[in-house]
Amino acid sequence: MMIVNYTGSILIFILGLYMILVKKDMVKIIMGIFIMDSGINLFFVSMGFRLESNVSPAVFQNTAQELSHNPFVDPIPQALALVSILICACVVALALSLVIKVYEHYGTINTDEVRRLNR
Amino acid sequence: MMEFASHFPILSVIIPLAMALITAILGRKLVWVKYILSILASAASFILIVMIFKPVMMDGNIMVYWLGNWKPVEGQAIGIGLGIDQLSLFLALIAAFVSLMSIICSKRYLAHEEDGGKYYPLALLMTGGMIGFVLSGDLFNMYVMMEITVISAVSLTAFKSYKRESIEAGFKYIVISSVGSAFVLLGTIFLYSKFHTLNIAQIAASFTGHNFDPLSILALAFLLSGYAVLAFLIPSHGWAPDAHAAAPSSSGMMFSGALALTGVYALVRILGTLYQSMDLSSIQNLIIFWGVITMIIGVIMAMVQYDLRKMLAFLSISQIGFIITGFGLSTLLGITGGVHQMVNHFISISLLFICTGAVYFRTRTTRLNELGGLGKKMPYTAALFIAGMLSISGIPPFNGFISRWILYKAGFDAGFWYVAVIALLCTVLTLAVLIKAMHSVFFGVQHEKYKGVKEAPISMSIPAGILGLLSLAGGLFPEPVYDFIIKPVTSAVLNSGRFIDSILGTEYFKADAVREIAVQKLTNEISGYNPLNFLIVFGVLLLGMGIFVFLLYRSKNNISVGTAAQTTAQIAAGSDDMEYTDESDTGLFKVLKSGLGKYLGFMGRTHSGLVNDYSLWVVGTLAVVSIYLLLVL
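### Here we look at the confidence of the model for chain B
All names here are of chain B. For chain B, per-residue confidence averages 83 on the pLDDT scale, and 86% of positions sit at 70 or higher. Mean pLDDT across the elements of chain B ranges from a minimum in helix α24 (residues 564-573), with 42, to a maximum in helix α6 (residues 119-135), with 94. Counting interchain partners and residues more than four positions distant, the pLDDT-below-50 stretch residues 558-585 has 31 contacts. Complex prediction metrics read pTM 0.89 and ipTM 0.92.

### So, the pattern of salt bridges
All names here are of chain B. Going through the model one piece at a time under the given rule, you end up with 11 salt bridges over all chains. Here R367 makes a salt bridge to D307, at a shortest N to O gap of 3.8 Å. Taken together, the residues R367 in the loop between α15 (332-363) and α16 (379-392) and D307 in the loop between α13 (281-303) and α14 (308-329) connect sequence positions 60 residues apart. Residues R367 and D307 agree in their burial class; the two are buried. D413 is the partner of K409 in a salt bridge, and the nearest nitrogen-oxygen pair spans 3.5 Å. Residue K409 and its partner D413 are both found in helix α17 (residues 400-413); the two are separated by four residues, about one turn of the helix. For K409, a relative accessible area of 30% translates into the label partly exposed. Members of the salt-bridge network, linked through shared partners, are E168, K172, D242 and K310.

### With respect to the packing of α15 of chain B against α17 of chain B
All names here are of chain B. Close contact between α15 and α17 brings their axes to 8 Å; oriented N to C, the two are set at 155°. As judged from the angle between their axes, α15 and α17 are roughly antiparallel. Where α15 crosses over α17, the two elements pack in a sense that is left-handed. Contacts between α15 and α17 involve L333, G334, T336, G337, G338, H340, Q341 and N344 from the former and G400, I402, S403, R404, I406, L407, K409, A410 and D413 from the latter. When the residues that make up the contact of α15 with α17 are grouped by side-chain class, the tally is five nonpolar, nine polar and three charged.

### Notes on the state of the cysteines
What we call a disulfide is simply a covalent bond connecting the sulfur atoms of a pair of cysteines. Under the defined criterion, the tally for this structure stands at zero disulfides over all chains. With no disulfide of its own, C90 of chain A lies 9.1 Å from the sulfur of C88 of chain A, the closest cysteine sulfur. C105 of chain B carries a free sulfur, and the closest cysteine sulfur to it, the one in C355 of chain B, is 10 Å from it.

### Points about the packing of aromatic side chains
Given two aromatic rings, one states the distance between the centres and the angle between the planes to describe the pair. A complete count under the given rule lists 27 aromatic pairs over all chains for this structure. Between F97 of chain B and F346 of chain B the ring centres are 6.0 Å apart and the planes differ by 85°, which places this aromatic pair in the edge-to-face class. Here the residue F97 of chain B occupies a position in helix α5 (residues 86-105), and F346 of chain B occupies one in helix α15, the gap between them amounting to 249 residues. Where Y173 of chain B meets F255 of chain B, the ring centres are 6.3 Å apart and the plane angle is 75°; that geometry is what we call edge-to-face. Of this pair, Y173 of chain B sits in helix α8 (residues 164-195) while F255 of chain B sits in helix α12 (residues 249-274), and the two are 82 residues apart along the sequence. Residue classification places F255 of chain B among the buried positions, given a relative accessible area of 0%. Each member of the aromatic cluster is reached from another via a ring pair, and the members are Y6, F13 and F43 of chain A together with F183, F190 and F222 of chain B.

### Concerning the confidence of the model for chain A
Taken residue by residue, chain A gives an average pLDDT of 83. The fraction at 70 or more is 79%. No element of chain A has a lower mean pLDDT than helix α3 (residues 61-66) of chain A, which averages 56, and none a higher one than helix α4 (residues 75-106) of chain A, which averages 92.

### Digging into the interface of chain B and chain A
Interfaces are frequently sized by the accessible area removed from exposure as the parts join. Taken residue by residue, the interface counts 60 residues in chain B and 47 residues in chain A. For the chain B and chain A pair, buried surface summed over both sides reaches about 4900 Å², with 71% attributable to carbon and sulfur atoms. On inspection of chain B and its partner chain A, the count reaches zero salt bridges. In this structure, the connection of chain B to chain A is made through seven residue pairs in polar contact (both at pLDDT 80 or more). Put simply, the parts of the chain that give the side of chain B that touches chain A at least two residues each are α7 (139-157), α8, α24 and α26 (611-632) of chain B. Of the residues contributing to the side of chain B that touches chain A, the split by class is 35 nonpolar, 14 polar and 11 charged.

### Description of the side chain of S225 of chain B
Residue and element names in this part refer to chain B. Here S225 lies in helix α10 (residues 214-230). Under the relative-accessibility criterion, S225 is labelled buried at 0%. Here F222 takes part through its backbone oxygen, which lies 3.5 Å from a polar atom of the side chain of S225. Residues contacting S225, with those up to four places away along its chain left out, are F183, W290, V618, T621 and L622.

### Here's the deal with unusual backbone geometry
Residue and element names in this part refer to chain B. Here the residue pair I234 and P235 is connected by a cis peptide bond, since its omega of 10° sits within 30 degrees of zero. Position of P235 among the secondary structure elements: in the loop between α10 and α11 (239-246). Phi at F232 takes a positive value of approximately 30°, unusual for a residue other than glycine. Turning to its location among the elements, F232 is positioned in the loop between α10 and α11. Positioned with a positive phi, R364 is a non-glycine residue whose angle comes to about 65°.

Rules used throughout
Residues numbered from 1 in each chain as written. Chains lettered and ligands numbered in written order. Predicted model: local features only at pLDDT ≥ 70, side-chain atom pairs only at ≥ 80, totals over all residues. Heavy atoms only, no water. pLDDT = per-residue confidence, 0-100. Helix = DSSP H or I, 4+ residues; strand = E, 2+ residues; numbered from the N terminus. Contact = heavy atoms within 4.5 Å. Salt bridge = Lys/Arg side-chain N within 4 Å of Asp/Glu carboxyl O. Buried < 20%, exposed > 50% of the residue type's maximum accessible area, 1.4 Å probe, protein only. Axes fitted to C-alpha atoms, helices over the stretch in contact; angles between N-to-C directions. Parallel < 35°, antiparallel > 145°, perpendicular 65-115°, else oblique. Left-handed = near helix turned anticlockwise from the far one by under 90°. Nonpolar A, V, L, I, M, F, W, Y, C, P; charged D, E, K, R; others polar. Disulfide = S-S within 2.5 Å. Phe/Tyr/Trp six-rings, centres within 6.5 Å; stacked < 30°, edge-to-face > 60°. Buried area = accessible area lost by both parts, 1.4 Å probe. Polar contact = N/O pair within 3.5 Å; in protein donor to acceptor, adjacent residues only side chain to side chain.

Below you can see the structure in the form of structure tokens.
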């Protein structure tokens, strides 16, 4: 069942990466960054939910045996996913503000034309 | 005292971050207050790190700090831990020192800016992020701290938002680095899904005996290629030259002098501690190959630059290649050379960046063809630039010499003689590049418009003087540097099992006594080097290069001014952009460049300035590294 989530998250990641590599529109590149991070977050959350052998690091031998017939979700990946979402929001906000400035200076947001710094 | 001192590492991270908040909410009139507060915060963090120097470096303890006192139970780490061994402390020392110097000399730079006070919160965030990055003993915290550092570094790159170059460089930096960060995050998750922990020590304890499965090998590939963006190893270096050229020089100093070294730290920590795989020859070959590529392409690209800061950025990439090669050799001598090279790199590149900054401050340009004859006006800066130049290219009596010597010797001893030869060639080319830069900035014809140029201001000349003295002292008295810094760090890199045991409170790894004895014995071997041999080889190579250039000159005597490399530059840069052409270049280097342009011009052309291409290089690195690692491990 979880294989759908794993495949889906990797596909979303690759889709975002594809946008960064191929799209020439700067806003689309930033959308690619966001989609890529969404794929990672989905992977995080799906990985935390495992029906078999789901032992969080905070639970040790005795408790784990008691809880073995009582499955629960690993809380750590959810916390990590929250931090990751936060960082992604910061990166996207900063990148979008840079795009506004790029448009002010160059009059375009096509990466083919924004390449004065080369060699 | 000791109980109290255990809080110093976390305080050295918290103080700059907290002060960043305070300086951010102060009004824009209070630039002076912000300046003083930033100096105080970074100095406090530097002093706190120096105060744990004795227990860690001299007594050989490894400090472990658990946030909220969540200690490991039954060898299972549950809390967030800071693990400070000699390697982390060494990097934290470098990061704090370079940040302090950079903040001190940033004052006069920002006098030209409209709202210069905004610089300080960003610089402090970067300081705290870098120190937290190297002190952290937790993979996810390393990721978070890297993001703090990178976001503030991007903001510093785009700081002069009225210049289009800065904005463009900032955009490239944030796209490339977010690809790298995504790789790091994905690698971290792969490891978490397997081991259900994020603590470096606990993951490493599961890897005893190199029992890697495909998932952890893939995670290694993701982590390596992600952190290579931070360390700007070629081909993940796309952001670095542009960011160095566009940012204020004081932050360029932080990028090369500290940020890149933290990236190298991450590579060493992952390979050495997390995966315990520095002794595998397949990993060594990968790292040496990567280092050699970085070293040689960096210096060749530096030769064709027309901007002083961009040239220094490429030289810095080349230096990182030296360091990585040293660690990749993985012998005792190689790691010693790599660590020593780290010391020299941060001193000399910071010195060069401060001098460049002083030149920029007085003349408002760093284009090599516009500058000239500043030596008479700025003798102090010129002298320090020459000191930095000799130091970075490894000429006695400055500090660069010993580390280079150790690296060549390590290359020969480990059976990689061609690595040693390439390293020597790169050293000669580095010197050639810097002599060209020195010639066109400080000597030669003095332009009319620089008549009124004065000496560098005091806030820049004091840090520059300190760094110049350090580079001279490091060359004249290598033994104390070796005893107090290089030896403990080398020992920590070799005996990474001790780090794991100290964090978990277990005894998975017994400290390897044989390696320890070898580290102790190395002192005699290193102090017994013979500078004469080196000078002879150096002279022979210089002579060979002179003959090569002479032949090239004779065969190309009748070529026109517009060489192949330059015309492609003009086409690629657009119709009105002639600023990268160099009309007043002297004969020798024009010939060298046209010769290089014929054979190696493709290197320049691949730097297309297109952000998609640069991201593709990062992804390509990931593909190559993961295929290689999956095949060999």
